Amino acid sequence: MHLTSREARSLRSKCWARPLLSAWPLSSLIGSVASAAEPFLYDELVVSSPPAQQAVPVVVDSFRPLDLAQVVQALPGASVAVNSRGESFLNLRARGEREATLVVNGIALRDPWDSRIDLSHLPAGLGREVTVRPLGNAQYASSAIVVLTSPTEDGDRATISAGSLGFARLAATSSSEHAFIALEGQRRDGLPLADNARLESQFNGRIRNNTQRDQFGFYHHAHAQLDDLSFQTSFLLTSARYGVAPEGHVPSEEGRLWQVPADQRQLATVSLAKSSGQRTIALKGWAQQTRRRIDSFADAAFNIPDGRQRNDGSSLGTSLEVGRRGWSLGSSYERQRHEQAEDDAAHQTFARDHYALWSSYATGDGGPVALAASGRVEGYSTQEAGGRDMTRDRRLLSGHVTVSSPETSTLRWQMSLAKVGRLASQRELYGGALGRFVANDDLRPEEGYVGTVSLGAERESWALKAEPFVELWDSVIDQRAILTEAGVRRQRFNAEGYRAAGLDLLARWQFSADWSLQALGTWLDLQREDKSEPLTERPESTGAVTLRYAPQRGVGFDLVARHRGAVRSFDADGSLATLSGGQLLGLEVNYRTSRGLAFARWDNVADEALFPQAGLPEPGRTLRVGWGWGAT
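Residues numbered from 1 in each chain as written. Predicted model: local features only at pLDDT ≥ 70, side-chain atom pairs only at ≥ 80, totals over all residues. Heavy atoms only, no water.

### Things to note about the overall build of the protein
A tally of helices and strands in the protein yields three helices and 34 strands. Buried positions account for 55% of the 632 residues belonging to the protein. Accessible surface computed for the protein: about 26,000 Å², of which carbon and sulfur atoms make up 55%. (Helix = DSSP H or I, 4+ residues; strand = E, 2+ residues; numbered from the N terminus. Buried < 20%, exposed > 50% of the residue type's maximum accessible area, 1.4 Å probe, protein only. Areas by Shrake-Rupley, 256 points an atom, 1.4 Å probe, with all protein chains shown as cover.)

Next up, the structure:
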């Protein structure tokens, strides 16, 4: 779809909260642009919550996202936690870091060993539209999913930037009616510490000396249509090597220093669909491979590792789906295989078969209300357990029902009720590091119930959405220490469930052609059923406010304030600590021309530490400058 500058700006001011926006050229890398003679438009990424007619898109701030973690954290109700190894994991509302599945163009990114996906090493340019579904989707997962969709419009874009401490980045995308390609590479020497960090493990003064990173990402998606046949292929390649800063609360003589010389992922998919009247048959296949090396060091000299880990995984899967009119029925099968070794220990192989069967139904357009329902049964059968005793096979049932207003309504509403859950990963069943975990044959899946009510309204220049929700979980998978003949070992077990009540709010106001204001926030009230220790790594509140001045040409700016509330976490001695919340302020000044945009970006302008007591603190003030250009 080709828009003149005037038409594009009219679309932004009048229709940005409507489903039509998903067809508008949007970019998570450097932005959408009109033809070569038209002014450069601003970068916007559609981030929303379902269903489509209820969506109020979120404009991602101009951080020029460096990785997928920065994109995903703009989702309503989402926060990103960084662990001691520098891995970034998504927490959605009250859910844990293993309770969100990432889906890229219809294929779930699955780790054959662990249910978590590290977002910090996935390219920011995987898609132009990001959708969160807290109730899950019967076709992909029983719990929450985050869906990325590639664009289908013509356009070529590129950006180049550089910044403090050796930062450099080059990214480019090219999209047409039948294909999308994203390519990016970046590096950095380190990250600064905030002035008020006051950490015990400040190697080399203010600089976190062990945070160097080299990263590369490539993604390609293509599709073709021939009469009633459609064909799609995609390929994802990510490769990174990096170091991890010492944990801030651990004294330097006790701190663990990590180096990751290799962290790679490859995913290839192919699908074929045939449509005949009201009937569609779709067949998908995919292959995924992961490779990771981890070295640990006793001191900052980084000479000889005192520990090495190797993790290699692969998975092969296929699915078949049949749909007719308002319903569909599908099934999938996947073999998940993983090999792991630590130090000089022998390789151990873990493998299991994962299966799923689902069905869904949705009413057509035109009725007084819209109805959607789905159900899913899934399970696994263990084939290899690294020479250990196999735990028993498990099965999980989930489903949801949603009633919503018709799409044409000005004031829209939606009510949903779902049973959600998650099967234990192989890592949770058999342990992460070899010899340090004890298997638990009684480990059951996580299961819970979620109810939401969504209310939304829009006018020409504003939109508002409020979504209160309640979650009741019967049990969750936690970790405990047990005493064995070989000493203290860790083990996963089913802890008491919890209840959560919360509210997502999202508002946008386009109060002139060039000025806009956006605010979003989530508030949570969490409590375990047995009133014991509170859940960890779940902020009580999160939010962001973005003020944007974006004229067609000339000087503009973005001012972004992010808030993260108090959170509970385990301190160095294993005791539970309450970490104070904080705010991060970002400022960008840019200049638009007819062919591109030059920008200067200051992250963490106030140079304040966030969560300084434990774990990895937020980096201090950093500067990036760059230039982006493109044409449609």
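Still more ground to cover, so stick around.
### Overview of the packing of aromatic side chains
The tally for this structure, following the rule as stated, stands at ten aromatic pairs. For the pair Trp515 and Tyr549, a centre-to-centre distance of 4.7 Å together with 35° between the ring planes defines the contact as tilted. On the criterion of sequence distance, the pair formed by Trp515 in strand S27 (residues 515–528) and Tyr549 in strand S28 (residues 541–549) is long-range, its members being 34 residues apart. Exposure remark for Trp515: the relative accessible area of 29% places this residue in the partly exposed category. The interplanar angle of 75° and the centroid separation of 5.6 Å between the aromatic rings of Trp515 and Phe557 together place this pair among those described as edge-to-face. Here Phe557 lies in strand S29 (residues 554–564) and Trp515 lies in strand S27, a separation of 42 residues in the sequence. Connected via pairs of aromatic rings, a cluster forms that spans Trp509, Phe511, Trp515, Tyr549 and Phe557. In this structure, Arg93 packs its charged tip against the face of Phe469, placed 4.0 Å from the ring centre. Between the NZ or CZ atom of Arg213 and the centre of the ring of Tyr242, over which it lies, the distance is 5.7 Å. (Phe/Tyr/Trp six-rings, centres within 6.5 Å; stacked < 30°, edge-to-face > 60°. Lys NZ or Arg CZ within 6 Å of the ring centre and 35° of its normal.)

### Points about the side chain of Asp312
Relative to the helices and strands, Asp312 is located in strand S17 (residues 307–324). Within the structure, Asp312 has its side chain in polar contact with the side chain of Arg310 (distance 2.6 Å). Aside from chain neighbours lying at most four places away, what touches Asp312 is Thr290, Arg291, Arg292, Arg293, Arg337, His338 and Glu339. (Polar contact = N/O pair within 3.5 Å; in protein donor to acceptor, adjacent residues only side chain to side chain. Contact = heavy atoms within 4.5 Å.)

### Observations concerning the nonpolar core
Within the largest apolar cluster, 30 residues are counted, with the highest numbers of intra-cluster contacts made by Leu68, Leu102, Leu119 and Leu148. Ignoring any residue separated from it by four or fewer positions in sequence, one finds Leu119 in contact with Asp67, Leu68, Ala69, Val72, Ser88, Leu90 and Leu102. (Core = buried A, V, L, I, M, F, W, Y, C linked by side-chain atoms within 4.5 Å.)

### Notes on a nonpolar patch on the surface
A cluster of nonpolar side chains, contributed by Trp327, Leu329, Leu357, Tyr361, Leu371, Val401 and Leu417, occupies part of the molecular surface with about 620 Å² of accessible area. Of all the secondary-structure elements, those providing two or more residues to the nonpolar patch are strand S18 (327–342) and strand S19 (348–362). Along the chain, the position of Leu417 falls in strand S22 (residues 411–422). (Patch = residues over 30% accessible without salt bridge, like charges linked within 9 Å, V, L, I, M, F, W, Y side chains within 5 Å. Salt bridge = Lys/Arg side-chain N within 4 Å of Asp/Glu carboxyl O.)

### Notes on the pattern of salt bridges
Taken as a whole and assessed by the stated rule, the structure comprises 35 salt bridges. Between Arg98 and Glu428 there is a salt bridge, with its nearest N and O atoms 3.9 Å apart. Here the residue Arg98 occupies a position in the loop between strand S3 (88–92) and strand S4 (100–104), and Glu428 occupies one in helix H3 (residues 426–430), the gap between them amounting to 330 residues. With its nearest N and O atoms 3.3 Å apart, the salt bridge here joins Arg499 to Asp525. In this pair, Arg499 is assigned in strand S26 (residues 498–509) and Asp525 in strand S27, connecting sequence segments 26 residues apart.

### Digging into unusual backbone geometry
Residue Arg325 is not a glycine yet carries a positive backbone phi of 55°. Along the chain, the position of Arg325 falls in the loop between S17 and S18. In this structure Arg325 comes out as exposed when scored by relative accessible area, which is 68%. One non-glycine residue, Asn604, adopts positive backbone phi at about 50°. Secondary-structure assignment places Asn604 in the loop between strand S33 (596–603) and strand S34 (622–631). A relative accessible area of 6% means that Asn604 is categorised as buried.

### Let's talk about a negative patch on the surface
A contiguous patch of negative charge on the surface is contributed by Asp474, Glu496, Glu529 and Asp530. Secondary-structure assignment places Asp530 in the loop between S27 and S28. (Lys, Arg positive; Asp, Glu negative; His and termini not counted. Charge placed at Lys NZ, Arg CZ, Asp CG, Glu CD.)

### Things to note about empty space enclosed by the protein
Counted according to the given criterion, the structure contains 16 cavities of 30 Å³ or more. By volume, the largest cavity is sized at about 400 Å³. Lining the largest cavity are 30 residues; nearest its centre among them are Thr101, Arg110, Ser115, Arg422 and Leu423. Elements represented by at least two residues in the lining of the largest cavity include exactly S4, S19, strand S20 (370–385) and S22. In terms of residue count, the dominant contributor to the lining of the largest cavity is S4 (three residues). Here the residues of the lining of the largest cavity sort into twelve nonpolar, nine polar and nine charged. (1 Å grid on protein atoms, 1.4 Å probe; cavity = no way out; pocket = protein on both sides within 12 Å on 5 of 7 lines; lining within 4 Å. Points joined across faces, edges and corners; volume = space filled by probe spheres on them. Nonpolar A, V, L, I, M, F, W, Y, C, P; charged D, E, K, R; others polar.)

### Focus: the pairing of strand S21 (residues 394–404)
Both S20 and S21 contribute to a ladder of eleven bridges, which runs antiparallel. Bridge pairing links Glu378 to Leu396 in S21. As defined by bridge partners, S21 adjoins S22 across six bridges and the pair is classed as antiparallel. Bridging across to S22, Thr402 finds its partner in Ser416. (Pairing = 2+ DSSP bridges.)

### Side note on the confidence of the model for the protein
Chain-level statistics for the protein give a pLDDT mean of 80 and a share of 83% at 70 or above. Taken as a whole, residues 48–55 scores under 50 in pLDDT and shows 31 contacts with residues more than four places along the chain or in a different chain. (pLDDT = per-residue confidence, 0-100.)

### A short note on the environment of Trp462
Summarising the element assignment, Trp462 is placed in strand S24 (residues 462–484). When its relative accessible area of 33% is taken as the criterion, Trp462 is described as partly exposed. Measuring from C-alpha to C-alpha, the distance between Trp462 and Leu517 comes to 9.5 Å, with 55 residues separating the pair along the chain.

### So, the pairing of S28
Relative to S28, S27 is paired through nine bridges, and the arrangement is antiparallel. When the bridges of S28 are listed, Trp523 appears paired with Ser541. Relative to S29, S28 runs antiparallel, the two sharing eight bridges. Across the sheet, Thr542 pairs through a bridge with Arg564, a residue of S29. Taking the residues that link successive antiparallel strands as the turn, the S28-S29 hairpin has four residues.

### Things to note about the environment of Arg110
Relative to the helices and strands, Arg110 resides in the loop between strand S5 (107–108) and strand S6 (129–133). Measuring from C-alpha to C-alpha, the distance between Arg110 and Ser315 comes to 8.1 Å, with 205 residues separating the pair along the chain. Here Arg110 is in contact with Ile117, Tyr140, Arg265, Gln288, Glu334 and Gln336, once residues within four sequence places are set aside. Here the side chain of Arg110 touches Glu334 through a polar contact of 2.9 Å, side chain to side chain.

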